[in-house]
Amino acid sequence: MRIGILGTGNVGRALAAGWLRAGHDVVLGSRRPGDEELLTGLKELLQAGLRVEDPAATAAHAEVLVNATPGTASVALLDSIGAPALAGKVLLDVAVGFLEDESLSHPVVSLGEEIQRAFPETRVVKSLCTIDREVMVAPQSLAGPSTLFLSGEDAEAKRVVGGLLSDLGWPAEALLDLGGIATARGQEHFALLFVGIALSTGTFAFNIRVVPPASPDVQG
């Protein structure tokens, strides 16, 4: 698929590498696509086939657009691209916004919901925001199976995203569809617990697993 990733930070780079390995056509979107320092830092990815374009060109390229920008700047960046250019596209939102005091920038309505409301013709899916960038592209690095969540209104868009997650190594049984985009609130708020777990365990390379009840035979 043609994947456009908005954001050149660690998350965007990790996802770009993962999808390039899977054979996808990946463009990374930056406000400074010709910056020599940026391009030097992306040398290995560029050699693997990555291209760097401005945000508008990245969106135009993409069948699936990924928002990996800071959550406090995401809507403004998407506004600069414009709703017509985003209409009909699947937009995978992986961002969480933090303020300077480390509180969430979207404490009531999630960033995922804000994007969907601002761009009603765009098919927004929230996922990948409950794990570290290393685990995003290497779920097999964990000691056992874990759970990844999806939120969104469009079933077909979630199917497309599920396929891209599979290409990163996530098995179908790891994916849990939470329902509509309003459920993105829970995913984003998990960031607060994520930080607490990371500080307690000394690592960001972990995930959680939803464990169902044992069967009656086991319970008995």
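Residues numbered from 1 in each chain as written. Predicted model: local features only at pLDDT ≥ 70, side-chain atom pairs only at ≥ 80, totals over all residues. Heavy atoms only, no water.

Student: Residue-level account of the overall build of the protein chain, with values.
Tutor: Counting secondary structure elements, the protein chain contains 11 helices and 8 strands. Against the 2.2 N^0.38 benchmark of 17 Å for 220 residues, the protein chain shows a C-alpha radius of gyration of 17 Å, consistent with a compact globule. Counting every position in the protein chain, which comprises 220 residues, the buried fraction comes to 48%. A separation of at least 24 residues holds for 73% of the contacts in the protein chain among residues at least 6 apart in sequence. When the accessible surface of the protein chain is summed, it comes to about 10500 Å², and 54% of that surface belongs to carbon and sulfur atoms. Distance between charge centres in the protein chain, computed from 16 positive and 26 negative side chains, equals 3 Å. (Helix = DSSP H or I, 4+ residues; strand = E, 2+ residues; numbered from the N terminus. Rg over C-alpha atoms; globule rule 2.2 N^0.38 Å. Buried < 20%, exposed > 50% of the residue type's maximum accessible area, 1.4 Å probe, protein only. Contact = heavy atoms within 4.5 Å. Areas by Shrake-Rupley, 256 points an atom, 1.4 Å probe, with all protein chains shown as cover. Lys, Arg positive; Asp, Glu negative; His and termini not counted. Charge placed at Lys NZ, Arg CZ, Asp CG, Glu CD.)

Student: Explain the packing of helix α5 (residues 74–81) against helix α7 (residues 111–118) to me, and be specific about the residues and the numbers.
Tutor: Look at α5 against α7: their axes get within 10 Å of each other, and the N-to-C directions meet at 20°. Our classification of the angle between α5 and α7 gives roughly parallel. Of the two elements, α5 crosses α7, and the hand of that crossing is right-handed. The segment α5 lies against α7, with Ser74, Val75 and Leu78 engaging Leu111, Glu114 and Ile115. Its residues assigned to classes, the contact of α5 with α7 comprises 4 nonpolar, 1 polar and 1 charged. (Axes fitted to C-alpha atoms, helices over the stretch in contact; angles between N-to-C directions. Parallel < 35°, antiparallel > 145°, perpendicular 65-115°, else oblique. Left-handed = near helix turned anticlockwise from the far one by under 90°. Nonpolar A, V, L, I, M, F, W, Y, C, P; charged D, E, K, R; others polar.)

Student: So what's going on with the sheet that holds strand β5 (residues 90–93)? Residues and values would help.
Tutor: Across the sheet, 8 strands lie side by side as β3-β2-β1-β4-β5-β6-β7-β8; this open sheet has mixed pairing. Pairing within the sheet leaves two strands with one partner each, and these edge strands are β3 (51–53) and β8 (175–179). Neighbour-to-neighbour, the strand axes of the sheet open up by a mean angle of 25°, direction not taken into account. The sheet contact formed by strand β1 (residues 2–6) and strand β2 (residues 25–29) spans 5 bridges and is parallel. Counterpart to leucine 6 in the pairing with β2 is glycine 29. (Pairing = 2+ DSSP bridges.)

Student: Outline unusual backbone geometry, supporting the account with residue identities and numerical values.
Tutor: One non-glycine residue, glutamate 102, adopts positive backbone phi at about 70°. Here glutamate 102 shows up in the loop between β5 and α7. Classification of glutamate 102 by relative accessible area gives exposed; the value is 63%. With a phi close to 65°, leucine 128 is a non-glycine residue in the positive phi region.

Student: Please give an account of the nonpolar core that cites residues and values.
Tutor: By size, the foremost hydrophobic cluster in this structure holds 38 residues, and its most contacted members are Ile5, Leu15, Trp19, Val66, Leu128 and Trp170. The set of elements that each furnish at least two residues to this core consists of β1, α1 (10–21), β2, β4 (64–67), β5, α8 (133–136), β7 (148–152) and α9 (155–167). Top element by residues in this core is α1. It accounts for 6 residues. Apart from residues no more than four positions distant in its own chain, tryptophan 19 is found in contact with Ile3, Ile5, His24, Val26, Val66, Leu92, Leu164, Asp167 and Leu168. (Core = buried A, V, L, I, M, F, W, Y, C linked by side-chain atoms within 4.5 Å.)

Student: Lay out the environment of leucine 91 with the relevant residues and their values.
Tutor: Examined against the element boundaries, leucine 91 turns out to sit in strand β5. Accessibility expressed as a relative area gives 1% for leucine 91, which makes it buried. Distance from leucine 91 to alanine 76, taken between C-alpha atoms, is 15 Å for residues 15 residues apart in sequence. Every residue in contact with leucine 91, bar those within four places of it in the chain, is listed here: Leu65, Asn67, Leu78, Ile115, Thr122, Arg123, Val124 and Val125.

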